[in-house]
Amino acid sequence: MARLIKTEAVVEGRTEVRWTLVEEDSTPEWPADQPPGVVGEPTTRLTAGARLSGSARYTSDMQLPRQLEATVLRSPHANARLTSISLDAARAVPGVRAVIGPGDCPQFDGEAVLHDEPPYGGAAVAAIAAETREAADEAMAALDPQWEPLGFVVDLDQSLENQTFQDDPVEYERGDAETALAAAELTITSDYLAPAQLHNSMEPHCAVADWRPDGLTLWSSTQGIYQARSQLCGSFGLDQEHVRVICHFMGGGFGSKFGCGPEGVIAAELSRRAGRPVRLVLSRRDENLSTGYRTPARFSFTIGAGCDGRLQAVEASAVMGLGTGGWAYPVLEPVKSVYACEHQHLMTLPMRLNLGPAAAFRAPGVMEGTWAFEQALDELAEAAGLDPLELRRRNHTDVDPSTGRPYTSKRLLESYDLAAELAGWDARDELRSDGRVRRGMGCASQYWWGGGGPPAYADVRIGSDAKPVLTVGMQDLGTGVTTACAVVLAERLGIRPDQVTVRTGDTDLAGHGPFSGGSMTLASVAPAVRSAGHHVRTQLLELAADMFEIAASDLELTEGEVRSTDGTLRRPIHDVTEKLGNAWVTGSGSRAPNPDGMAVNTFGCQIAQVAVDTLTGLITVERVVAVHDIGRVVNPMGARSQVLGGILQGIGFALSEERVVDPTTGTVVNAGLEDYKIPTLADLPEVECRFVGEPDPELALGIKGLGEPPIIPTPGAIGNAVAHALGLRLREAPYTPRRVLEALQ
Amino acid sequence: MRTFAYARPARVEDAAAALSQPAARAMGGGTDLITQQHRGILAAESVVDLRGLGLDAIAAEGEGVRIGATVTLADLGRDEAVRERFAVLHQAASAAASPQLREMGTVAGNLCQQVRCWYFRHPDLTCWLRGGDTCYAQVGDHRKHGLEPGDCISVAPSDLAAALLALDATVDTSSRPQGIPLADLYRKASDENRSTLALAPGEFVTAVVVPRAPDASAYERAGERHAWSFALAGVAAARFGDQLRLAAIGVSNLPRLLDPADPLAGLPGLEQTAWKRRLLSGLAGQALARVSG
Amino acid sequence: MQVELEVNGNRYRVDAAAAEPLSALLRDRLQLTGTKVACGEGTCGSCTVLVDDRPVLSCLTLAAACDGASVRTVEAEGDLLDRLRRAFTEEDGFQCGFCTPGQLMSALALLERTPHPSPDEIVTAMSGNLCRCGAYEGIAVAVARAAEAPA
Ligand SMILES: Cc1cc2nc3c(=O)[nH]c(=O)nc-3n(C[C@H](O)[C@H](O)[C@H](O)COP(=O)(O)OP(=O)(O)OC[C@H]3O[C@@H](n4cnc5c(N)ncnc54)[C@H](O)[C@@H]3O)c2cc1C
Ligand code: SF4
Ligand code: FES
Ligand code: FES
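Since we're looking at a predicted model, the values are computed, not measured.

Turning our attention to the overall build of chain C. Across its full length, chain C holds five helices and five strands. Moving toward the C terminus, one meets the helices and strands of chain C in the order β-β-α-β-β-β-α-α-α-α. Against the 2.2 N^0.38 benchmark of 15 Å for 151 residues, chain C shows a C-alpha radius of gyration of 15 Å, consistent with a compact globule. With the C-alpha coordinates of chain C rotated into their principal frame, the extents come out at 45 × 30 × 25 Å.

It is worth spelling out a negative patch on the surface at this point. Residue and element names in this part refer to chain A. Together, Glu171, Glu173, Asp176 and Glu178 give the surface a local cluster of negative charge. Tracing the sequence through the fold places Glu171 in strand β8 (residues 170-174). With a relative accessible area of 52%, Glu171 lands in the exposed category.

Moving on: the packing of aromatic side chains. All names here are of chain A. Evaluation of the coordinates by the stated rule reveals 14 aromatic pairs over all chains. For the ring pair Trp211 and Phe236, a centre distance of 5.1 Å and an interplane angle of 65 degrees mean the geometry is edge-to-face. Note that Trp211 is positioned in strand β11 (residues 206-212) and Phe236 in helix α6 (residues 225-236), a separation of 25 residues in sequence. Owing to a relative accessible area of 15%, Phe236 belongs among the buried residues under this scheme. Centroid distance Trp448 to Trp449: 4.9 Å. Interplanar angle 70 degrees. Geometry classified as edge-to-face. Grouping residues by exposure puts Trp448 and Trp449 together as buried. Linked through ring pairs, Tyr192, Phe299, Phe301, Trp371, Phe373 and Phe653 together constitute an aromatic cluster.

The next point concerns the interface of chain B and chain C. Across the boundary between the two partners, chain B contributes 29 residues, which contact 28 residues of chain C. When chain B packs against chain C, the two sides together hide about 2100 Å² of surface, and 64% of this comes from carbon and sulfur. The largest contributions to the chain B side of the interface with chain C come from Tyr6(B), Gln100(B) and Trp228(B), which together make up 31% of the buried area. A salt bridge links Arg54(C) to Glu103(B), with the shortest nitrogen-to-oxygen separation between them at 2.7 Å. Across the contact surface, chain B and chain C share eight residue pairs in polar contact (both at pLDDT 80 or more). Elements supplying a minimum of two residues to the side of chain B that touches chain C: β1 (5-7), α2 (33-38), α3 (73-78) and α6 (99-104) of chain B.

Listed by partner, the interface residues are 52 residues for chain A and 39 residues for chain C. For chain A, the biggest contributors to the area lost against chain C are Leu52(A), Met202(A) and Leu681(A); these three give 22% of the whole. Summed over the shared surface of chain A and chain C, the result is seven salt bridges. In this structure, Asp92(C) engages Arg45(A) in a salt bridge whose closest nitrogen and oxygen atoms are separated by 2.6 Å. For the pair chain A and chain C, the interface holds 24 residue pairs in polar contact (both at pLDDT 80 or more). Going through the elements one at a time, α1 (48-53), β10 (197-198) and α16 (636-655) of chain A are the ones with two or more residues in the side of chain A that touches chain C. No other element matches the nine residues that α16(A) contributes to the side of chain A that touches chain C. In terms of residue class, the side of chain A that touches chain C is made up of 21 nonpolar, 20 polar and 11 charged.

Residues and elements named next belong to chain A. Within the secondary structure layout, Ala124 lies in strand β6 (residues 124-130). Classification of Ala124 as buried rests on a relative accessible area of 6%. For the pair Ala124 and Glu622, spaced 498 residues apart in sequence, the C-alpha separation works out to 43 Å. Once residues within four sequence positions are removed from consideration, Ala124 is found in contact with Val72, Leu73, Arg74, Val113, Leu114 and His115.

In the vicinity of ligand 1 there are 33 residues, among which Ala26(B), Gly28(B), Gly29(B), Thr31(B) and Thr106(B) approach most closely. More than one chain lines the surroundings of ligand 1; the residues nearby belong to chains B and C. Between ligand 1 and Gly29(B), the relevant distance is 2.6 Å, taken from an oxygen atom to a main-chain nitrogen or oxygen of the residue. Contact distances for ligand 1 include 2.8 Å between an oxygen atom and a backbone N or O atom of Asp32(B). Isolated, ligand 1 exposes 960 Å² of accessible area, and the fraction of that covered by the protein chains is 98%. For the shell around ligand 1, the secondary structure elements donating two or more residues are β2 (24-27) and α7 (107-112) of chain B. Element by element, the count of residues in the shell around ligand 1 is highest for α7(B), at four residues. In terms of residue class, the shell around ligand 1 is made up of 16 nonpolar, 13 polar and four charged.

Okay, unusual backbone geometry next. It is generally the case that most residues other than glycine have a negative phi and that most peptide bonds are trans. Residues and elements named next belong to chain A. Between Pro454 and Pro455 the backbone carries a cis peptide bond, its omega angle lying at 0 degrees. Structurally, Pro455 is set in the loop between β19 (437-448) and β20 (457-462). Ala733 connects to Pro734 through a cis peptide bond whose omega is 0 degrees. One non-glycine residue, Glu549, lies in positive phi territory at about 55 degrees. Position of Glu549 relative to the elements: it lies in the loop between α14 (521-548) and β23 (555-558). Accessibility expressed as a relative area gives 73% for Glu549, which makes it exposed.

Residues and elements named next belong to chain B. Taken together, the three strands give an open sheet; going across it, the order is β1-β3-β2, and neighbouring strands pair in parallel fashion. The two strands at the open ends of the sheet, each matched to only one other strand, are β1 and β2. When strand polarity is set aside, the average angle formed by the axes of neighbouring strands in this sheet is 25 degrees. Strand direction decides the pairing type here: β2 and strand β3 (residues 46-49), joined by four bridges, are parallel. Across the sheet, the residue bridging to Met27 is Asp49, located in β3. Relative to the sheet, helix α1 (residues 12-19) contacts β2 and β3, its axis offset from that of β2 by approximately 140 degrees.

Attention shifts here to the site of ligand 2. Taken together, 13 residues lie near ligand 2, and Cys117(B), Cys127(B), Cys135(B), Cys152(B) and Ile153(B) sit nearest. In terms of residue class, the shell around ligand 2 is made up of 11 nonpolar, two polar and no charged.

So, about the domain arrangement of chain C. Interfaces are often sized by the accessible area lost when the parts come together. Residues and elements named next belong to chain C. Taken as a whole, chain C is organised into domain 1 (2-72) and domain 2 (79-148). On the side of domain 2, 12 residues touch domain 1, which itself brings 14 residues to the contact. Across the interface of domain 1 and domain 2, roughly 990 Å² is buried in total on both sides, 61% from carbon and sulfur atoms. The tally of links from domain 1 across to domain 2 stands at one salt bridge. With a shortest N-O distance of 2.7 Å, Glu112 and Arg72 are connected by a salt bridge. Between domain 1 and domain 2 we count four residue pairs in polar contact (both at pLDDT 80 or more) in total. Of all the elements, strand β3 (residues 48-51) adds the most residues to the side of domain 1 that touches domain 2, at three residues. Here the residues of the side of domain 1 that touches domain 2 are counted per class, giving six nonpolar, five polar and three charged.

Definitions and limits used
- Residues numbered from 1 in each chain as written.
- Chains lettered and ligands numbered in written order.
- Predicted model: local features only at pLDDT ≥ 70, side-chain atom pairs only at ≥ 80, totals over all residues.
- Heavy atoms only, no water.
- Helix = DSSP H or I, 4+ residues; strand = E, 2+ residues; numbered from the N terminus.
- Rg over C-alpha atoms; globule rule 2.2 N^0.38 Å.
- Patch = residues over 30% accessible without salt bridge, like charges linked within 9 Å, V, L, I, M, F, W, Y side chains within 5 Å.
- Areas by Shrake-Rupley, 256 points an atom, 1.4 Å probe, with all protein chains shown as cover.
- Salt bridge = Lys/Arg side-chain N within 4 Å of Asp/Glu carboxyl O.
- Lys, Arg positive; Asp, Glu negative; His and termini not counted.
- Charge placed at Lys NZ, Arg CZ, Asp CG, Glu CD.
- Buried < 20%, exposed > 50% of the residue type's maximum accessible area, 1.4 Å probe, protein only.
- Phe/Tyr/Trp six-rings, centres within 6.5 Å; stacked < 30°, edge-to-face > 60°.
- Contact = heavy atoms within 4.5 Å.
- Buried area = accessible area lost by both parts, 1.4 Å probe.
- Polar contact = N/O pair within 3.5 Å; in protein donor to acceptor, adjacent residues only side chain to side chain.
- Nonpolar A, V, L, I, M, F, W, Y, C, P; charged D, E, K, R; others polar.
- Near = heavy atom within 4 Å.
- Pairing = 2+ DSSP bridges.
- Axes fitted to C-alpha atoms, helices over the stretch in contact; angles between N-to-C directions.
- Domains from an automatic or database assignment.

Put into C-alpha cells, the structure is as follows:
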C-alpha cells in the first residue's frame, strides 16, 4: 500500500524537506556474505550500440516535419537598456515565421527570459523562428537593436564594496572562534582565488518544442525532465497532462542543465506562435555566456591549531561571483564538515555581477572550497612540521562536526592509508629536484553527500520472450545509470544486463523521478528498480511453482534458468514466460527514505604527482591515486569512468580552465573552446582508482553515489603537489604557464 | 554568417582574376577564413578556393625544397625528406593546431592567417586592427599578448612562419613568381592600412621555397596544455655552417628574427607579459642548444 | 550550387548553398545526424568526418568544396570501424557519446594509415577530439586494442 511520508534530503548542500509517496517494500536485502550475482561485475554500457553507430538521437538531432530553426539576439553589452528594436522588419524577412521580443515571452522560473534591460553580455533579448538558418540570420540583421549602455560591475571586490548581493550572505558560527584563535599556539592566514569554470558540455543547451492544440511536447537536453515539465507548466499555465518532456540521449550537463532552461521556454513560445515545431540550439559562445559556470571565489582563512596540528579554530570568508543568478553554493562546507574543529566563524558572500547566472557545476562550492582549504591545511602542516596526511589523520572526526550526527559509514582513514601506499607517499620527498623539471606530490581529502532518497519509481514488465522492459523516471546524462539499473534488475531476474531494455527520459512513461545530479540518481533509483524486479521475480516463481509443482520457496532464478534448490529442475526462464502469451507480468517499486538522524556522506582521498617544467611553465599531472568510499559499487567499469571524468575536469580547473572577463567592456573574451582550454587526451594522467567502502549498512542497497566525489579533491591535491615541487604556493588557479613563470620570476 | 559565392579555379591566372574582384578572398583549407566569416570579422562576397590549382607538391629544388601553397600541414609533417633535412619545419608543422586542422590547413593559409587576439576575434568588438580606434588589449587583458609596444600588441600565430624565417625561406606569389623573402610577406599594420600582409589586391602565395638545408635545426614551443594550443611562444633555430638563425612567433606582431646573442633585444615586455621574456629566453636557449654543432 | 558526392558508399547530388558547411549538408539534408556539431568553429573535433580518407572538421569544410569527394561518417559500415566500436564498448571509451562519432572517425583515419600505432601516435592522432566527460583513457586503450585485434 502506498503512503505519503515526510523526508529530509541533502541536495548539493541544501537540506530539503519534502513529502513523497512510497510503496510498502518487502524486498529482502542482499545477504551480507553473498555477492549478488552480476552486481559488482564490470558491465559494458547498454547504450553502446546506439551511441557508437550514430543512431542515438540527441535533442539537437531532432528533425520533426516542418520544423523551424530558431536564433536568439543577445546583448553585446555588459549592461544596457534596449532603446529600440525592429521586430516588424524581422517579421518581414521571407521565411520568418515568428519573432518575439521583450514582453512577448513568458517568464522562466519567475525570471524574465527576454530582457529589455539585459543585465549581462549574452543576455537574451529577442528570438526568431524561420524556415532556414539563413533566413533566421537575415532576420537577425534586420532587428537593428539600439542600446543605451549602462554602468556595470564585473569585479568581485568592487561588487563587495558596493554591497550588491545576488543571494543572502550565509553566516555560520560554532564555538567562539575569535577567542580560540587568540589562544591558539599556531595560526596561519592565507588567501586563494578560484576561477569561474565553464561547463562546456559537448552538447550545448538545446530544445525542440512542438506546440499543438492538445498539448506541448518538448525535447530537451536536460538533467531533469520532471523539473522541466513543472517549469513549462508554470511558464505557460498548462496542466501536467498537457506537457510532455523527452530526453532520450543527452550530451552531458554537469549541473548546468536542470530543467528546461530559458531555451525551452523560448522554443515553446516560438512554436506556439508559429504553429510549427521549433528547434533552438545554442552556439558554443552563447552557451558559455548564458548557461552557467562554477562561481569564481576569493577565500580567506585564519586557522588556529595546537602545536600537534589539531585544529582549534577557523575564521573564513568566501566572496563568490554569482553573476545574475544561482545561489550561495556551499563553498565553505569543506571547512565546516570535514574535520574536527570546535570553533568556527564562516562567512559566505554571494555577490551580484553583470555576468550570466551561475549554475551548479559538479560538486558546486565543495570542489573549489576543497581546493582552497586543503591547501591552507598543507600550509598549517608545514607550520606545524607535520606530514600533511598525518595532519589530516589527527583532525579526523567520527561524527558530523556541525550536527553531531553519526555517519551511516565512513572510511576516510582507510582511504588515506591506501592512497598513501599506492602513491608511494612516504618517499615523496625523493621526487624533488632542482632541475628544469620539478616533481612533487600532494594530497587532499574528499567529502560530499550522497545516498539518494525518494522520490524514485520504477516499473518492470516481462512478456513471453523473457526480456524485461524496465521503465524508470529519470534521464541518463551519460553517467551510465541506465546500465547500472539494468544490472540491478538482472540480478533479481537471474538474467544478463544486456537482456534488459531500459526506458527513460520521457515524462509520459513514468510518473516521477529524481533529476540527475548531486550524486543521487543511482542511489535513488536502484532500490526502486530492485523492488520492482523483486515483484516480478515473485510472480514468475509462483508461475513456475504451478507449472513444475515445486514450492515457489524452493525455486530460484539464476543464469537465465529457473532452478530448484535441490538441483533437480533446470529450465530456461523462457519456458515459464512463454506461457504468458501476450500477457505481461508487471511489478513496480519505489524508493524508501533513508534513516533519520544520521549523516550520509561519501569520503575519499586523492594524491597527485605533478611535474612542473620551469622553462615552459607547463605542468604535467603524471599520476593520480584516487581512493573513494562510495558504498556499494554496482558497476566497477562505469564507476572507474566516472572517477576518470571527474579527475580530468579537476585537472582542467587546476591547470587551464578560466573564464576571462575584460575589465573595460565587461564582456567575456574567451567564450569559445580555443581560449577556454579543457583537457585533451594528451593531458590524461595515469590513474590508480580504488573503492574502499563496503555497502553502506544503513542505506538501501548500500549505495552512496559517485557523480561528484572524484572531481572534489583533484585540484587541491594538484595545488599541494605543485607547492611541494616548487617550494612556493600559487594562490590563484588555474596554474597556467603564465602564473607558474610569474611565480618563478 | 554572411553568405558568399564559391569558385575553385584550375589555373593561376583565373584565380588571380577572380581574386582581383572586390571582397574576394583566397582560401586554402578555410579553417581561419570560415571562422572569421562566421564571426563577422570578414565579409567576403566570394571565396576563391586555391586547391584546384595543383599547387600541392613538395619537391626538391636545387639544394633546397619547394613547397606548394596548398600543401597541407599534415602532408608537410609526414614528408620524409622534410623531416630529415628540415627538422625545424617538420617539428613546427607537426606541433601546430590539431590533427584535423593540419589535414585541412595549408602552408600558405597558415602563413597568412590572422592574429588570434581575443578582442580581434570577439564578435561584438571592432578593435584597432579590425579598423576601429581602440586597442582593447592594451587597456584590458593582454596576458597572452606580445612583448613589443605599438598600435597593436597581438602576436604572430603561425608556427610555420617561425620555422621558415629561421630557414631563410622565400615566398613565390602569383604576381612575383621570382620570389620575395618571407619577411617581406609581412608588414606592420598602420592607421591607413590595417593589414599585416604585404600583398597587392588579387595577389596570392603560390609556393614557399627553402633555398638550402641547414646543418641542424630545431623548433621549441610552449603551449597552454599538452596538445592543441597556439604557441604562447615558439622559437625556431637553424644553423648553416657557423651562421645561426633564430626566429620567434608569439612575442611580437610579426614573425621576428632574433639576435642569437641577445634574443630579448627590442622586446621589453608589457605590463602583463613580462613573464614571456623568461619564456622566450628559455626557449631560445633550448633551441640554440639543440642546433649547436 | 550542385554538389555531387559519395557518403558512406551512397551517391548523392544535392543543391547546397556555397557557404553551407559539410556538417549541415550531412545532418540537415541527408539526415545523417550521427555527426555532431559542438562548437561550429574548429575547436572541438566532434564534427570529424573522413573526406577522401582524411579526418577533417565538417563544420569548417564547405559542402561546395566536396564536389566529387568521398565522405565517411560514423554511420559508415566496415570491419575496422566495427572493431573500433567493439573496443570502445569493451574499454568504456565514451560516456555521453556526444564526442564519440568524432573520436571514432579520428581513430579510423589513424588505423587506416597506421595499422599499428605507438601509444604516442595514438595520443597525437586523438588529441584533436575533446571529450568533456573525460573518457580519454578508454578511448586510448580502445584504439590500441582495435589495432591489435585480428581483422
Ligand atoms: C583552434 C585552432 C587552433 C590552431 N592552432 C594553431 C597552431 O597552434 N599553430 C599554427 O600555426 N596554426 C594554428 N591554427 C591555424 C591553423 O593551422 C590555420 O587555421 C591554418 O593553417 C590556416 O590554413 P588554411 O589553409 O585553412 O587557411 P585559410 O583559412 O584558407 O586562410 C587563412 C587566411 O589566409 C589567406 N590565404 C589562404 N591561402 C592564401 C594564399 N595562397 N595566398 C594568400 N593568402 C592566402 C586567406 O584569405 C585567409 O585570410 C589553429 C587554428 C584553429 C582554428
Ligand atoms: S592587440 Fe591588436 S588585435 Fe588585439 S585588440 Fe589590440 S589592436 Fe586589436
Ligand atoms: S564542431 Fe567542428 S570542430 Fe567543433
Ligand atoms: S563522451 Fe561525453 S563528451 Fe566524450
